[in-house]
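# Structural characterization, general
So the chains spell out like this:
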Amino acid sequence: LKERQAFDFTVVSVAVHLTLKNNVVADSRVVFGGLSPFPFRSVKAEAAMKGKQLEEAGTMAAPAATAGAEALSDNSYKIQAARGLLEKALALLA
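First, a word on what this report is: a plain description of the structure on this page. (Residues numbered from 1 in each chain as written. Predicted model: local features only at pLDDT ≥ 70, side-chain atom pairs only at ≥ 80, totals over all residues. Heavy atoms only, no water.)

Below, the discussion takes up the overall build of the protein. Counting its secondary structure elements, the protein contains 3 helices and 3 strands. Taken from the N to the C terminus, the helices and strands of the protein come in the order β-β-β-α-α-α. The C-alpha radius of gyration of the protein comes to 13 Å, within 12% of the 12 Å expected for a compact globule of 94 residues. Considering only C-alpha atoms, the protein reaches an extent of 40 × 30 × 20 Å along its principal axes. Among the 94 residues that make up the protein, the fraction classed as buried is 30%. (Helix = DSSP H or I, 4+ residues; strand = E, 2+ residues; numbered from the N terminus. Rg over C-alpha atoms; globule rule 2.2 N^0.38 Å. Buried < 20%, exposed > 50% of the residue type's maximum accessible area, 1.4 Å probe, protein only.)

Glancing now at the environment of T66. Inspection of the secondary structure puts T66 in the loop between α2 (54-65) and α3 (77-93). In sequence terms T66 and Y77 are 11 residues apart; their C-alpha atoms lie 12 Å from each other. Every residue in contact with T66, bar those within four places of it in the chain, is listed here: I79, A82 and R83. (Contact = heavy atoms within 4.5 Å.)

Despite not being glycine, N22 has its phi angle at roughly 55°, a positive value. Relative to the assigned elements, N22 resides in the loop between β1 (13-21) and β2 (24-33). Using a relative accessible area of 78% as the deciding quantity, one classes N22 as exposed.

Here we come to the pattern of salt bridges. By the definition in use, this model includes 2 salt bridges. For R29, the salt bridge identified is with D27, shortest N-O distance 3.3 Å. By relative accessible area, which is 35% here, R29 ends up partly exposed. Taking the shortest distance from any N to any O, the salt bridge between E46 and R41 comes out at 2.9 Å. By relative accessible area, R41 is classed as partly exposed at 40%. (Salt bridge = Lys/Arg side-chain N within 4 Å of Asp/Glu carboxyl O.)

Next up on the list: the environment of G68. Considering the arrangement of structural elements, one finds G68 in the loop between α2 and α3. Counting along the chain gives 29 residues from G68 to P39, while the straight-line C-alpha distance between them is 17 Å.

F32, M49 and L86 are the most contacted members of the largest nonpolar core, which has 16 residues in total. Those elements giving two or more residues to this core turn out to be β2, α1 (43-49), α2 and α3. Among the elements that line this core, the one with the most residues is α3, at 5 residues. In contact with L86, not counting residues within four places along its chain, are V14, V16, V30, F32, A45, A61, A62 and A65. (Core = buried A, V, L, I, M, F, W, Y, C linked by side-chain atoms within 4.5 Å.)

Below, the structure is given as structure tokens:
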């Protein structure tokens, strides 16, 4: 998880959209790239954040985002990367 350089390709990416009311997550969208053949919306992460203070949202959302994920033989690292990337994105927003 570094800044992109020429000829790099994304291993895992995340897009986060939050609607906050008094620093509480009222609504959210979390979409991962690189985890499946198409963008993967994590409704579990979104549900875990709803009604939570922004500061605790990452702690709740990251494990929920990958709950039940099944890695292929050579890409289990992507699950941990996705969790970490979501936590980092939410920490930057806090």
